[in-house]
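# Analysis of the macromolecular model
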Amino acid sequence: VVFRAVDLARRCTHADPRLGQVLHEAIAAEVTRLPALSSEARVHSELAVALSFDCPEADQIAGKLGVAPRTMTRQLTEAGTSFTKLRMTLRMERARSYLRGGETVAAVTPLAFYSEVAAFCRAYRQHFGHPPSFDQPPSFDQAPSFDQPL
């Protein structure tokens, strides 16, 4: 079974909150067995999960990690990054993945938490150095006809 990226990104309107809680607890138990991650890796991981649902703020992620927002900010600064940079990188990488999977720029714009296509295109160009269309697969709808002379 293959699902389109846009379908996987949609919220589940019939989610079972109790099942979600059970799964969250099971995952938390498994995570305690893993080797300790750097602060940057922990924030990156939590952000990646949270961006599946919304565009979280630093205090929300700090709360999920059990640290004060200022502590998280300090740790990220010591690692040479910031919450804003990590969040933007994850948003743009996810957008690039959708585009490379064949989604349109208009479809990816809200998935990257932008309300305007133009704003998304500016941010994408600023982040990657090229427009979003560069990362889309070629369209065969406008391929040259072999019947026409060159």
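## Regarding the packing of helix H3 (residues 39-50) against helix H6 (residues 83-100)
Remark: H3 packs on H6, axes separated minimally by 10 Å, with the N-to-C direction vectors making an angle of 45°. Our classification of the angle between H3 and H6 gives oblique. For the element pair H3 and H6, the recorded crossing hand is right-handed. In this structure, H3 uses Glu 40, Val 43, His 44, Leu 47 and Ala 48 to contact H6, whose residues at the interface are Phe 83, Leu 86, Arg 87, Leu 90 and Arg 94. Considering only residue class, the contact of H3 with H6 consists of six nonpolar, one polar and three charged.

## Examining a nonpolar patch on the surface
Judged by side-chain polarity, Leu 19, Val 22, Leu 23, Ile 27, Val 31 and Leu 34 come together as a nonpolar surface patch covering roughly 540 Å² of accessible area. Relative to the helices and strands, Ile 27 resides in helix H2 (residues 17-31).

About the cut-offs
Residues numbered from 1 in each chain as written. Predicted model: local features only at pLDDT ≥ 70, side-chain atom pairs only at ≥ 80, totals over all residues. Heavy atoms only, no water. Axes fitted to C-alpha atoms, helices over the stretch in contact; angles between N-to-C directions. Helix = DSSP H or I, 4+ residues; strand = E, 2+ residues; numbered from the N terminus. Parallel < 35°, antiparallel > 145°, perpendicular 65-115°, else oblique. Left-handed = near helix turned anticlockwise from the far one by under 90°. Contact = heavy atoms within 4.5 Å. Nonpolar A, V, L, I, M, F, W, Y, C, P; charged D, E, K, R; others polar. Patch = residues over 30% accessible without salt bridge, like charges linked within 9 Å, V, L, I, M, F, W, Y side chains within 5 Å. Areas by Shrake-Rupley, 256 points an atom, 1.4 Å probe, with all protein chains shown as cover. Salt bridge = Lys/Arg side-chain N within 4 Å of Asp/Glu carboxyl O.

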